[in-house]
Amino acid sequence: MSTPSAMVFAPAPQLTVTIERFSETDELHVHPGGQGIWQARMLRLLEVPVTLCAALGGEVGTVLEPALAGEDLTLRLVKRESTSGWYVHDRREGQREEVAAGHGHPLTRHEVDELYGLALAEGLRARVTVLSGTPDQTTVPADLYRRLSADIRANGGRVVADLSGEQVRAALEGGLFFLKVSHEEALEDGHAKGESREEMVRALHSLRDAGAENVVISRAADPALALLDGDVYEIGLPKLEAAETRGAGDSMTAGVASVLAKDGDLVDAVRTGAAAGALNVTRHGLGTGRAEAIAELIGHVRLDRLDGV
């Protein structure tokens, strides 16, 4: 059996700057961020080697590259002409407020071709590929997700995605082994007509028909729903007080991918993902936590099969 490994496709990492206040003292936190970075960080926490495929550029890119090198990842990078994305958030009053942000210009045709080649090669080597989105959906063509998912799957790879908008529609066309979406995204794309459990079950089947073999739909404070190997489940999460709900879905996706990278069972993968997402909401750092805490929380995740739906 080959070594467990994951490729995370993260076209546009961001430099994240967050101002916090603890014990009457202001703190400045500067980290690499963005969906793919948070997913990669959680995969490493769960002891899966990760190769990150990304494009970096400009002054922000020169800061991001050494910071990413400190994340215990294998980096495969393309240099972009425009600057990498960034944001500054102020959390001193408890809620996130965006002070400023920038995404840079869309990648050029040459940059897209180079990034695709890197991601395809690494995706074919990895046990599982994770497709992450971009804050600005014009950064890369949506069709890149279709091509990547189709080509990796056609050559025996497993593709996991947590996307929205044109990007998720394109990835579905290419075909996915596992998809995680929110109930808002299912509604927006017309897979459900309302927020009821019955409509979200309908969305599970609709997303499977659109190209995802297995699907999880998160539902904010309500139990998530899953379609796994044709069976529908309701996912009961442990009750934990939230410090930061942002990033929970990314941790969940990474938790699922970590088990799939080890050829684990789908139900076990979703339990692990749910536990990783639940732990993440207790922390201010995104994609962070302790593996032993996730292992303990797995026993508090309930998957109830819903018969006849």
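Within an unreviewed UniProt entry, the label attached to the protein reads 1-phosphofructokinase, and the organism entered is Virgisporangium ochraceum. Among the UniProt annotations of the protein, the heading Sequence similarities (unreviewed entry) holds the following wording: "Belongs to the carbohydrate kinase PfkB family."

Considering the overall build of the protein
On a plain count of helices and strands, the protein comes out with 10 helices and 14 strands. For 309 residues, the compact-globule estimate of 2.2 N^0.38 gives 19 Å, and the protein sits close to it at 18 Å. With the C-alpha coordinates of the protein rotated into their principal frame, the extents come out at 55 × 50 × 40 Å. Across the 309 residues that make up the protein, the buried fraction comes to 55%. For the protein, long-range pairs separated by at least 24 residues make up 65% of all intrachain contacts whose partners lie at least 6 apart in sequence. Total accessible area on the protein stands at roughly 13,500 Å², and carbon and sulfur atoms take up 47% of it.

What to know about the packing of aromatic side chains
Aromatic ring pairs are defined here through the distance separating the ring centres and the angle between the ring planes. Following the criterion strictly, the structure yields 1 aromatic pair and no others. Note on F9 and Y145: the rings are 5.6 Å apart at their centroids and 80° apart in plane angle, and the pair reads as edge-to-face. Taken together, the positions of F9 in strand β1 (residues 6-9) and Y145 in helix α4 (residues 143-154) put the pair 136 residues apart, joining distant regions of the chain. The pair formed by F9 and Y145 is uniform in burial state, with each residue classed as buried. Residue placement shows R147 over the ring face of Y116; its charged tip is 4.0 Å from the ring centre. Here the guanidinium or amino end of R158 rests over the ring plane of F177, the centre of that ring lying 4.3 Å away.

Notes on the environment of R125
Position of R125 among the secondary structure elements: in helix α3 (residues 109-125). It is 34 Å that separates the C-alpha atoms of R125 and H29, two residues lying 96 residues apart in sequence. Side chain to side chain, R125 and E122 meet in a polar contact 2.8 Å long.

Looking at the packing of α4 against helix α5 (residues 165-174)
Running from amino to carboxyl end, α4 crosses α5 at an angle of 25°, the nearest separation of the two axes being 7 Å. Classified by the angle their axes make, α4 and α5 are roughly parallel. By crossing handedness, the relation of α4 to α5 is classed as right-handed. Contacts from D143, Y145, R146, S149, A150 and R153 in α4 reach Q167, A170, A171, E173 and G174 in α5. Residue composition of the contact of α4 with α5, by class: 4 nonpolar, 3 polar and 4 charged.

Notes on helix α2 (residues 58-69)
Between its first and last C-alpha atoms α2 spans 17 Å; for 12 residues at 1.5 Å apiece the expected length is 16 Å, and the two agree. Buried within α2 we find V60, G61, L64 and L68. Down the axis, α2 shows its buried residues gathered within 95° of arc, on one side only. Across from the buried face of α2, at angles greater than 90 degrees, the exposed residues are E59, T62, P66 and A69. Where α2 is buried, its residues meet β2 (14-22), β3 (25-33), α1 (35-45), β4 (50-56), β5 (74-79) and β6 (85-90).

Digging into the sheet that holds strand β14 (residues 302-305)
Strand order in this open sheet of 10 strands is β5-β4-β1-β8-β9-β10-β11-β12-β13-β14, and the pairing throughout is mixed. In this open sheet, the two strands that pair with only one neighbour each are β5 and β14. Direction aside, neighbouring strands of the sheet carry axes that sit 20° apart on average. Summarising the sheet, strand β10 (residues 176-182) and strand β11 (residues 212-219) pair through 6 bridges and their orientation is parallel. Bridge pairing in β11 links V181 to I217. Helix-sheet contacts for α5 involve β8 (128-132), β10 and β11, and the interaxial angle to β10 is about 155°. Across the sheet, helix α8 (residues 248-260) is in contact with β8, β9 (159-162), β10, β11 and β13 (231-236); its angle to β9 comes to roughly 175°.

Conventions adopted
For every chain, the first residue of its written sequence is number 1, and the numbers climb from 1 along that sequence. Two thresholds apply to this predicted model, a pLDDT of at least 70 for residue-level local features and 80 or more for giving and counting side-chain atom pairs, whereas whole-chain, interface and lining totals are computed over all residues. Calculation of side-chain values draws on the structure's entire complement of heavy atoms; hydrogens and water are dropped beforehand. UniProt positions are given in the numbering used here, feature names are shortened, and annotations may be inferred rather than shown by experiment. By the criteria applied, helices consist of DSSP H or I runs no shorter than four residues and strands consist of E runs no shorter than two, each listed in order from the N terminus. Radius of gyration here is computed from C-alpha atoms only, and the compact-globule reference equals 2.2 Å multiplied by the residue count raised to the power 0.38. With a 1.4 Å probe rolled over the protein chains alone, any residue whose accessible area is under 20% of its type maximum counts as buried; one over 50% counts as exposed, and the rest are partly exposed. Only heavy atoms enter the contact rule, under which two residues are in contact if any of them lie within 4.5 Å. Here the accessible surface of atoms and residues is derived via Shrake-Rupley with a 1.4 Å probe, and residues count as covered only by protein chains that are part of the display. Each Phe, Tyr or Trp ring (for Trp, its six-membered ring) is paired with any other whose centre lies within 6.5 Å, and the angle between the two planes then decides the class: stacked below 30 degrees, edge-to-face above 60, tilted in between. Think of it as a cone above the ring: NZ of Lys or CZ of Arg counts as a charge over the ring if it is within 6 Å of the ring centre and within 35 degrees of the ring normal. Identification of polar contacts relies on pairs of N or O atoms within 3.5 Å, with a donor-acceptor requirement for protein atoms, meaning one able to donate a hydrogen and the other able to accept it, and with residues adjacent in sequence counted only if both atoms are side-chain atoms. Axes here refer to lines fitted to C-alpha atoms; in helices the fit is confined to the stretch in contact. Angles between the N-to-C directions go from 0 to 180 degrees. Should an angle fall under 35 degrees it is taken as roughly parallel, and over 145 as roughly antiparallel, whereas 65 to 115 is taken as roughly perpendicular and any remaining angle as oblique. Should the near helix be turned anticlockwise from the far one by less than a right angle, the crossing is termed left-handed; should it be turned clockwise, right-handed. In this count, Pro and Cys sit with the nonpolar residues alongside Ala, Val, Leu, Ile, Met, Phe, Trp and Tyr, while Asp, Glu, Lys and Arg are called charged and the others, Gly among them, polar. One less than the residue count of a helix, multiplied by 1.5 Å, gives the span that helix is expected to have. Regarding the arc, it is the one traced by the directions from the helix axis to the C-beta atoms. Paired strands are those between which DSSP finds at least two bridges.

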